[in-house]
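Spelled out, the chains give:
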Amino acid sequence: NWADTALVHLTNWEPLKRAIPSKTYELMTSGIHITGVVDGEAADLIAKLDAGHVVAPEDPAALASLWVELSQHRDQLAVSRAGKEWVEHQRNQKVPRALFSFLSKIGLR
C-alpha cells in the first residue's frame, strides 16, 4: 500500500527476453502497478494485460521520464483486473492441465 508502483527490472541480455520474473505474477495478482524495465515476453505481458508501464532496459532517461509522467498523472497508475485474472487462470487451470498431460505422457499419472 505504501508504493505507487513496483519496479521489475532486467538487464538487456538476449536470454532475458524470454524470462518473466516471478514477482511480475505476484504484482499482477495483487493489482499493483508495475514499472517494467524489461523487453520481450515480460514487456508484452505487462502491456497486453494493462498491468503497468514498460521502458526498455539500459535507458535510465526513459525510466526517469516515465516516473515523472506517472507522478504528474497519477490516474495512469491504475491497472486492470486482466493481469490478476490471467494469473489465476494460468495457476488454477492451464498449468494443472499441462502438468497432468505431461505426467500422463511419461506414465506417472
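That block above? That's the structure.
Residues numbered from 1 in each chain as written. Predicted model: local features only at pLDDT ≥ 70, side-chain atom pairs only at ≥ 80, totals over all residues. Heavy atoms only, no water.

Participant: Summarise the overall build of the chain; cite the residues concerned and give the values.
Facilitator: Helix and strand content of the chain: four helices and three strands. For the chain, the spread of C-alpha atoms along the principal axes amounts to about 55 × 30 × 20 Å. Relative to its 109 residues, the chain shows a buried fraction of 28%. For the chain, contacts bridging at least 24 residues in sequence account for 48% of all contacts bridging at least 6. A total accessible area of about 7,100 Å² is found for the chain, and carbon and sulfur atoms account for 55% of it. Here the chain contributes 12 positive and 13 negative side-chain charges, whose respective centroids are spaced 13 Å apart. (Helix = DSSP H or I, 4+ residues; strand = E, 2+ residues; numbered from the N terminus. Buried < 20%, exposed > 50% of the residue type's maximum accessible area, 1.4 Å probe, protein only. Contact = heavy atoms within 4.5 Å. Areas by Shrake-Rupley, 256 points an atom, 1.4 Å probe, with all protein chains shown as cover. Lys, Arg positive; Asp, Glu negative; His and termini not counted. Charge placed at Lys NZ, Arg CZ, Asp CG, Glu CD.)

Participant: Before we move on, could you go through the nonpolar core and cite the residues and values that matter?
Facilitator: Judged by nonpolar contacts, the single largest core of 14 residues is most densely connected at Val8, Leu27, Met28, Ile34, Val38, Ile46 and Ala51. Listed by contribution, the elements that provide at least two residues to this core are β1 (6–9), α1 (22–30) and α2 (41–48). With four residues, the single largest contributor to this core is α2. Non-local contacts of methionine 28, meaning those with residues more than four positions away in its chain, are made with Ile34, Leu45, Leu49, Ala51, Gly83, Lys84, Trp86 and Val87. Of all hydrophobic cores here, the second largest spans six residues; its members include Val37, Val55, Leu66 and Leu77. (Core = buried A, V, L, I, M, F, W, Y, C linked by side-chain atoms within 4.5 Å.)

Participant: Would you mind going over the pairing of strand β3 (residues 52–55) in detail, with residue names and values included?
Facilitator: With four bridges joining them, strand β2 (residues 34–37) and β3 adopt parallel strand pairing. Across the sheet, residue threonine 35 finds its bridge partner in β3, namely histidine 53. Viewed along the sheet, the connection from β2 through α2 into β3 turns out right-handed. (Pairing = 2+ DSSP bridges. Right-handed = clockwise from strand over helix to strand, strands pointing away.)

Participant: A description of the packing of α1 against helix α4 (residues 82–105) should follow, citing residues and the corresponding values.
Facilitator: Remark: α1 packs on α4, axes separated minimally by 7 Å, with the N-to-C direction vectors making an angle of 120°. Accordingly, the angle class assigned to the pair α1 and α4 is oblique. Judged by the twist between their axes, the crossing of α1 over α4 is left-handed. Facing Tyr25, Met28 and Thr29 of α1, the residues of α4 in contact are Gly83, Lys84, Trp86, Val87 and Arg91. Of the residues that constitute the contact of α1 with α4, the class distribution is four nonpolar, two polar and two charged. (Axes fitted to C-alpha atoms, helices over the stretch in contact; angles between N-to-C directions. Parallel < 35°, antiparallel > 145°, perpendicular 65-115°, else oblique. Left-handed = near helix turned anticlockwise from the far one by under 90°. Nonpolar A, V, L, I, M, F, W, Y, C, P; charged D, E, K, R; others polar.)

Interpretation note: all reported values are geometric properties and have no functional meaning in isolation.
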